[in-house]
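Per-entry structural report
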Amino acid sequence: MNMHAQPQRTHAETALIDAFVERFSYLPGNEAVIRRRDDAVERLKAGLPTRRVEAWHYTDLRRLLSTVPMHDPAVGAKPLPALLQGSTVLPVLNGVAAHAPRIDGVTVTRLEQKLMDGSVAQAMACDDAADVIAPLNAAFVTDGWFLDIGEGVAVDGPIELQNVQAGGQAHVRFPVRIGAGAKATIVERQSGNGDALVSSVSHLTVGEGAEIVWILLQEQPVGATQLGQFNAVLGKDAKLTLFVMNTGGKLVRQEIKVDAAGEGAVFNLRGVNLLTGDSHTDVTMVLDHSAPNTTSSEIIRNVVTGRARGVFQGQIRVDRLAQKTDAKMACNTLLLSDDGEFSAKPELEIFADDVACGHGATVTEIDRNHLFYLMARGVPEKEARGLLVKAFVAEVIEGLEDEPLIAALEAKLEAWFATNV
Amino acid sequence: MPAVQETIEQVRKIDVDQYKYGFETVIEMDKAPKGLSEDTIRFISAKKDEPEWMLEWRLSAYRRWLTLEEPTWARVDYPKIDFQDIHYYAAPKSTPGPTSLDEVDPELLKVYAKLGIPLREQEILAGVQKPAAAADDLDEANDNGAAPRRVAVDAVFDSVSVVTTFKKELAKAGVIFCSISEAIREHPELLKKYLGSVVPVSDNYYATLNSAVFTDGSFVFVPKGVRCPMELSTYFRINEKNTGQFERTLIIAEEGAYVSYLEGCTAPQRDENQLHAAVVELIALDDAEIKYSTVQNWYPGDKDGKGGIYNFVTKRGDCRGDRSKISWTQVETGSAITWKYPSCILRGDDSRGEFYSIAVSNGHQQVDSGTKMIHLGKNTSSRIISKGISAGKSNNTYRGQVSAHRKATNARNFTQCDSLLIGNDCGAHTVPYIEAKNATAQFEHEATTSKISEDQLFYVMQRGIPEEEAVALIVGGFVREVIQELPMEFAVEAQKLIGISLEGSVG
């Protein structure tokens, strides 16, 4: 008996392959891109990963991805009001980038154009055998935005990338090149209505000494499936702060792959996952420290209610060259419901002997002593609980050091708490 | 902070080329032909004079094993094992089975004397290695009140138990301590009830293989309300070439019983790799406690990674009863490859599991070890303390799972794992799996650079002690936390590790 015999394709696996056959002639791209798409769909034919694939241990995609809606060109998606005042909004609506506004010092190009001329073909290769999001996206990607931020440019006001869906399927990409010494705040929104299947892949190359703040807000409706992948390579002394907030979706997997490749690079990740209903939300990070004197810190806070299931996998890999690495990771979870679940796998893989690496992970309910303290001061139990949960999450947001941003995110937080806790 | 000199020297002292137990003994052996088939299993079963049900049990395991594939998820790398190139049974010809010491081949007794294992009931294992000559002295000593602590030993040599000491005295207390082969013949009702009840036959690839071909190991049964009057110990020795050792140990503590059990293991220095695939099952009923300690010192291979034991072990304890407790303590310095996760199933309400481990890897050793704490009952708690030290070209991985099931109200876990790297060619890895399905569960996992708090360091230095010494002092005390869990007899063996400081540890 061969345990690895190709099992029968699931409904979703078949639907994905059928969708490719159906959509193929409408997908933009030159010959090089078409080759990449063909390679990618071959990967999909091998089947979706099960929990036997270590990277998908807690998210059995083969079982969880039950239905795949077909692409529907007729659905109308509308752009969202910007999160922050003074933002330049770059929307992608139902898989089509709308119009390209001018931003000083930044070259903005529709991804469709880069698919037609083949200049993104190289980046569509998927080397990692366990990677599913990249091949899925490479097979179907239609549009997105390419940003090229010039050397030394301090971008005036935030740039907001929006991917808005109203059902159906959409696959978008955001390659971003950040020149040496440039500075920018970029907001990425993943949102919509209806039961869509969305994949979104970003690729950042951060030049020497550049400083980037990237805010990723995933606010999909309860029926949507969101498969996201955020990739970044940091140059010498580059600094990237990534804030990820997940508040929606039925099946969400957000991968974060960062390589601190330049000496002195700094990476900070702050994550807030607010899970409710039947949502399955997985945040998986792989962080490489491949140069000396690189620094990273990750704080992930999760609140689980209802029958939601949350997953955090964080892997920090320290290369033998990466001496004096300083890496710290924490994942804290408040499990508020007996039907909820949370699984964490904070991994360290270390090959250098003079480093300071650590991780901590906790899963608890609300501290009774804190609750007692508040209630003893006349705060009703329900309110006291709400306060404590909010404080648990707000701590992560407050560290962002940008007042309008903090205010905007706290408003999102309030809105979620008002409907869910 | 890099490792301090003292640590480096201590690790050097137990480096692979310093292996002290690599001698080989020439003894005439009775072996099964090489290869694995139903005939091999029938051969083993016949040699052991086993009842029919045991043979059937083995054969069904073998058939199951044929359908399984070797697991590849562990962070270890080795050439494919040729399971047909191993002798599955090897026993000294002269041994007529576990019997009185006088009938045992003196050559065999010398082996144990050389290893410092007391088989004479009057000898005490106090960490002092007796010269070989001492084995000739056969006088029985009086058991007066002034005698030091005694240890009952089951000595397993390749595939058979050579001798088990203090059996009569233990029997007086109602404790059964014998080889598992003897237990299969003498206590079939207990074996049928408990064997395979913690590690099912089809649990995993190596456990299934073990179920088919296991040769010897120890059996311990402590009846209701009995506190085992002495430490029990098994000493495993692989001697013969081209053999695999398939140890099977089963320990049962009935209601309110207590037992402390220790195991030690060594093997000769050889260029070939040898397989040791063991299954250990512990069962603790209501209010019972089992303390299981291991000093694992299998031959680790030479400087270039040639030879050494492949240690693929399934160890699991089942806290079946309420308020039961199982504690695993291990000091791991040997083996070319270690693949071992002593686990606790916390089934009974208020039950408790503990895991204390120090794993030192050198040369080309690969260690992938850790524990599983499965919380099923209410108010269960567990504690994991793991220290990994890698040097040379070795890789040392902690892999652990802590999970609370839906009904495990108030489950508590504290995990701490630290590792230290010495040199730039080795790796240290931490892979914890934390799974909570109950809102009242409280899990804390910590893997930090250093457990030495600034306050402690300041306090010690402020009294005029230089920093490095202060660090060594604090860390020494810290590692002792694990060492102290070992019974006194083995703590001596583990003593050379105490000096190792972990101040520059990485999580």
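Per an unreviewed UniProt entry, chain B goes by Fe-S cluster assembly protein SufB and derives from Aquibium carbonis. Database annotation for chain B, UniProt heading Sequence similarities (unreviewed entry): "Belongs to the iron-sulfur cluster assembly SufBD family."

Going by the annotation in an unreviewed UniProt entry, the name recorded for chain A is Fe-S cluster assembly protein SufD, with Aquibium carbonis given as the source organism.

Regarding the overall build of chain A
In terms of regular secondary structure, chain A is built from 8 helices and 19 strands. The globule rule puts the C-alpha radius of gyration for 421 residues at 22 Å, and the 21 Å found for chain A is close to it. In terms of its C-alpha atoms, chain A occupies a principal-axis envelope of roughly 70 × 50 × 50 Å. Looking at chain A as a whole, 51% of its 421 residues are labelled buried. In chain A, of all internal contacts separated by at least 6 residues, the share reaching a separation of at least 24 is 84%.

Observations concerning the packing of helix 3 (residues 52-66) of chain B against helix 8 (residues 205-213) of chain B
Residue and element names in this part refer to chain B. The interhelical angle for the contact between helix 3 and helix 8, taken along N-to-C directions, is 145°, at an axis separation of 7 Å. Here the hand of the crossing between helix 3 and helix 8 comes out left-handed. Listed contacts from helix 8 to Arg58, Ala61, Tyr62, Arg64 and Trp65 of helix 3 are Thr208, Leu209, Ser211 and Ala212. Split into classes, the residues belonging to the contact of helix 3 with helix 8 amount to 5 nonpolar, 2 polar and 2 charged.

Some remarks on the interface of chain A and chain B
With 34 residues of chain A in contact, the opposing surface of chain B contributes 33 residues. Elements with a minimum of two residues in the side of chain A that touches chain B: strand 18 (341-350) and strand 19 (356-364) of chain A. With 10 residues, the single largest contributor to the side of chain A that touches chain B is strand 18 of chain A. In terms of residue class, the side of chain A that touches chain B is built from 16 nonpolar, 8 polar and 10 charged. In terms of strand pairing, strand 18 of chain A meets strand 24 (residues 427-436) of chain B through 6 bridges, oriented antiparallel. Across the sheet, the residue bridging to phenylalanine 342 of chain A is alanine 436 of chain B, located in strand 24 of chain B.

A closer look at the pairing of strand 14 (residues 280-289) of chain A
Residue and element names in this part refer to chain A. Burial of strand 14 is extensive: 9 of the 10 residues sit out of reach of the surface. Of the strand pairs in this sheet, strand 12 (residues 251-260) and strand 14 are connected by 10 bridges, and their pairing is parallel. The residue bridging leucine 251 from the neighbouring strand is histidine 280, located in strand 14.

Focus on helix 1 (residues 11-23) of chain A
Residues spaced three or four apart along an α-helix point in a common direction, a consequence of the helix completing one turn every 3.6 residues. Residues and elements named next belong to chain A. The end-to-end C-alpha separation of helix 1 is 18 Å, in line with the 18 Å expected for 13 residues at 1.5 Å each. Within the sequence span of helix 1, burial applies to Glu13, Leu16 and Ala19. When helix 1 is viewed along its axis, its buried side chains cluster within an angular range of 125° and face the same direction. In helix 1, those exposed residues whose orientation departs by more than 90 degrees from the buried face are His11, Thr14, Asp18, Val21 and Glu22. Turning to helix 1, the residues buried within the fold contact helix 2 (31-45) and strand 6 (169-178).

A look at the environment of threonine 40 of chain B
Residue and element names in this part refer to chain B. Structurally, threonine 40 can be placed in helix 2 (residues 38-47). Classification of threonine 40 by C-beta neighbours within 10 Å gives buried; the count is 22. What threonine 40 contacts, discounting residues up to four positions off in sequence, is Ala32, Gly35, Tyr88 and Val213.

Considerations on helix 8 of chain B
Residues and elements named next belong to chain B. The buried count for helix 8 comes to 8 of 9 residues, which makes it a mostly enclosed element. Every buried residue belonging to helix 8 is among Tyr206, Ala207, Thr208, Leu209, Asn210, Ser211, Ala212 and Val213, and all of these are buried. Where helix 8 is buried, its residues contact helix 2, helix 3, strand 9 (248-253), strand 12 (279-284) and strand 14 (308-319).

Observations regarding the UniProt feature "domain: SUF system FeS cluster assembly SufBD N-terminal" (unreviewed entry) in chain B
UniProt marks residues 168-228 of chain B with the feature "domain: SUF system FeS cluster assembly SufBD N-terminal" (unreviewed entry), using the numbering shown here. In residues 168-228 of chain B, the share of helix is 46% and the share of strand is 15%. The end C-alpha atoms are 13 Å apart.

Considerations on the pairing of strand 1 (residues 88-93) of chain A
Successive side chains on a regular strand alternate, one facing one side of the sheet and the next facing the other. All names here are of chain A. Pairing of strand 1 with strand 5 (residues 159-165) involves 6 bridges; the strand directions are parallel. Bridge assignment links valine 92 to a residue of strand 5, and that residue is asparagine 163. The loop that links strand 1 with its antiparallel partner strand 2 (residues 96-97) comprises 2 residues; one of these, asparagine 94, has a positive phi angle of about 50°.

What counts and what doesn't
- Residues numbered from 1 in each chain as written.
- Chains lettered and ligands numbered in written order.
- Predicted model: local features only at pLDDT ≥ 70, side-chain atom pairs only at ≥ 80, totals over all residues.
- UniProt positions renumbered as here; feature names shortened; annotations may be inferred.
- Helix = DSSP H or I, 4+ residues; strand = E, 2+ residues; numbered from the N terminus.
- Rg over C-alpha atoms; globule rule 2.2 N^0.38 Å.
- Buried ≥ 20, exposed ≤ 12 C-beta atoms within 10 Å, placed from the backbone.
- Contact = placed C-beta atoms within 7 Å.
- Axes fitted to C-alpha atoms, helices over the stretch in contact; angles between N-to-C directions.
- Left-handed = near helix turned anticlockwise from the far one by under 90°.
- Nonpolar A, V, L, I, M, F, W, Y, C, P; charged D, E, K, R; others polar.
- Pairing = 2+ DSSP bridges.
- Expected span 1.5 Å × (residues − 1).
- Arc of directions from axis to C-beta.

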